[in-house]
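Descriptive analysis of the structure
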Amino acid sequence: MQIRKVNPAKQFEQWQVNTEQESYKTINTLECHTGGEPLRIITSGFPELAGNTILAKRRDCQENHDDLRRALMFEPRGHADMYGAIITEAERENSHFGAIFIHNEGYSTMCGHAVIALAKCAVESGVVEQTGQVTEVVIDVPCGQIFAKAFAEGNIITQVTFNCVPSFVLAKEQSVDVDGIGKVDFDVAFGGAFYAYVDAAKLNLSLEPKNQETLIDYGRKIKAAVMNQMAIEHPVEEDLSFLYGVIFIDKSPNADVHSRNVCIFADGELDRSPTGSGVSGRIALHVAKEEVALEQAIIIESILGSQFNVKAIEKLDFAGFDAVIPQVTGDAHICGKAQWLINQADPLKYGFLLR
């Protein structure tokens, strides 16, 4: 048998969908990370979502297109810790665009790491016209309107700062008995999403990558116990009234860093970044406890050592709560572009998860 000599890699690259024999849905994405936490930005191929508000569009996605969320977040296209953003039309006249955040469990209400990556990509792609060294980017998200500033060196966005929604403490100095762990002390604060904040040292937990399985296990158990013990209610919007995750806090080994955050959210996802909404809730908690002053910036790092800078820039009353406006700064990187094919004949077309 004579073998035809070809460039095998080049020939594989020529593969095309056979539309006569197979039916595919095509979805294109831009792949990013912020401090190590992935963000898959859906750029085309996702159905247009119905509704006049971001929350209404999110409900439409939950009710009518959740199979596509699973297909993009789950294996084999994603993994148990994948995170994504669906780009929508803006809800408000003075916003540039909207975003719905998705993950392994469903849909979140706020995501700081995503805002940082979205602002960078929006300016670098031309979705938002660059205005010199500083460009304002306004994004509608489920918890409200987010004002970001993208800082440039030439045409490259090197840093993004955003002002979060009013953030406040829901409950201080609470405790709960958790099976397999014992008594756990916690606070609950809102930074676009609700988190239970736990001192890792009190549980003899070290916030290092080697302890990821224990952190996920403890995070899941504590989240379930807190949800079972107390009602999590947002004072204005019912759709925001749920506990999104548990954040473990510990000292940092780095002298110039205030502390380390490890957030376990959704269905046992471990955030690789310091968690933008999480540090927003934390700064509200620190100000309420008089541990950090207004306008005092602190650096919070992730399990990987990636950093966010956060400070409270304003105090205000929010629906009867003493709240602050957090300002968070970080950077993101683009790591790929992808075209995902969902073959209608594939029995696993909407994905699966194995841990």
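From a predicted model like this one, the values you see are computed outputs, not experimental measurements.

1. Here's the deal with the pattern of salt bridges
- Within this structure, the stated rule accounts for 17 salt bridges.
- Note that K202 is salt-bridged to D185, the shortest N-O span being 3.7 Å. One end of the pair, K202, is in the loop between β11 (194-199) and α5 (212-229); the other, D185, is in strand β10 (residues 182-190), and 17 residues separate them in sequence.
- In this structure K202 comes out as exposed when scored by relative accessible area, which is 57%.

2. Focus on the pairing of strand β13 (residues 259-265)
- Among the seven residues of β13, seven are classified as buried, and the element is accordingly described as predominantly covered.
- A two-sided burial pattern is seen for β13, the buried positions comprising S259, N261, C263 and F265 on one face and R260, V262 and I264 on the other.
- As defined by bridge partners, strand β12 (residues 243-250) adjoins β13 across six bridges and the pair is classed as antiparallel. By the bridge assignment, I249 is partnered in β13 with N261.
- Sheet topology note: the β13/strand β14 (residues 269-270) ladder contains two bridges and is antiparallel. Residue pairing across strands places F265 opposite E269, the latter belonging to β14.

3. Structural notes on the side chain of T34
- With respect to the helices, strands and loops of the structure, T34 is situated in strand β1 (residues 24-34).
- Polar side-chain contacts of T34 include one of 2.9 Å to the backbone oxygen of H113.

4. Describing the packing of aromatic side chains
- Applying the stated criterion to the full structure yields eleven aromatic pairs.
- Summarising the aromatic geometry, the rings of F168 and F194 are spaced 6.0 Å apart at their centres and angled 80 degrees between planes, so their arrangement reads as edge-to-face. Pair noted here: F168 is in strand β9 (residues 167-178) and F194 is in strand β11, with a separation of 26 residues, a long-range link. Residue F168 shares its accessibility class with F194, and that shared class is buried.

5. Thoughts on the pairing of strand β17 (residues 321-330)
- Summarising burial for β17: seven of the ten residues are buried, a large majority.
- Alignment of strand β8 (residues 156-163) against β17, held across four bridges, turns out to be antiparallel. Bridging across to β17, N163 finds its partner in Q327.
- Summarising the sheet, strand β16 (residues 307-318) and β17 pair through nine bridges and their orientation is antiparallel. Bridging from a neighbouring strand, A312 pairs with P326 of β17.
- Remark: two residues form the turn of the hairpin made by β16 and β17, two consecutive strands paired antiparallel; A319 in that turn has positive phi of roughly 50 degrees.

6. Some thoughts on the environment of D177
- Turning to its location among the elements, D177 is positioned in strand β9.
- Take D177: its relative accessible area is 63%, and that puts it in the exposed class.
- Put simply, D177 and S108 are 69 residues apart on the chain and 27 Å apart in space, counted from C-alpha to C-alpha.
- Among residues more than four places away in sequence, those in contact with D177 are G182, K183 and A225.

7. Structural notes on unusual backbone geometry
- Along the chain, E75 connects to P76 via a cis peptide bond; the corresponding omega equals 5 degrees.
- As for its position among the elements, P76 is in the loop between α3 (66-73) and β3 (84-88).
- The residue E295 is not glycine, and still its phi comes out positive at about 75 degrees.
- Here E295 shows up in the loop between α6 (276-288) and β15 (298-301).
- In the Ramachandran plot, A319 falls in the positive-phi region, its phi being about 50 degrees despite a non-glycine side chain.
- Relative to the helices and strands, A319 resides in the loop between β16 and β17.

8. Re the domain arrangement of the protein
- With domains assigned, the protein is organised as domain 1 (23-164 + 334-343) and domain 2 (167-330).
- Between the C-alpha centres of domain 1 and domain 2 there is a distance of 23 Å.
- Between domain 1 and domain 2, the contact holds 29 residues from the first and 33 residues from the second.
- Note that R272 and D81 form a salt bridge whose closest N and O atoms lie 3.2 Å from each other.
- If you look at where domain 1 meets domain 2, you find 14 residue pairs in polar contact (both at pLDDT 80 or more).

Quick notes on the rules
- Residues numbered from 1 in each chain as written.
- Predicted model: local features only at pLDDT ≥ 70, side-chain atom pairs only at ≥ 80, totals over all residues.
- Heavy atoms only, no water.
- Salt bridge = Lys/Arg side-chain N within 4 Å of Asp/Glu carboxyl O.
- Helix = DSSP H or I, 4+ residues; strand = E, 2+ residues; numbered from the N terminus.
- Buried < 20%, exposed > 50% of the residue type's maximum accessible area, 1.4 Å probe, protein only.
- Pairing = 2+ DSSP bridges.
- Polar contact = N/O pair within 3.5 Å; in protein donor to acceptor, adjacent residues only side chain to side chain.
- Phe/Tyr/Trp six-rings, centres within 6.5 Å; stacked < 30°, edge-to-face > 60°.
- Contact = heavy atoms within 4.5 Å.
- Domains from an automatic or database assignment.

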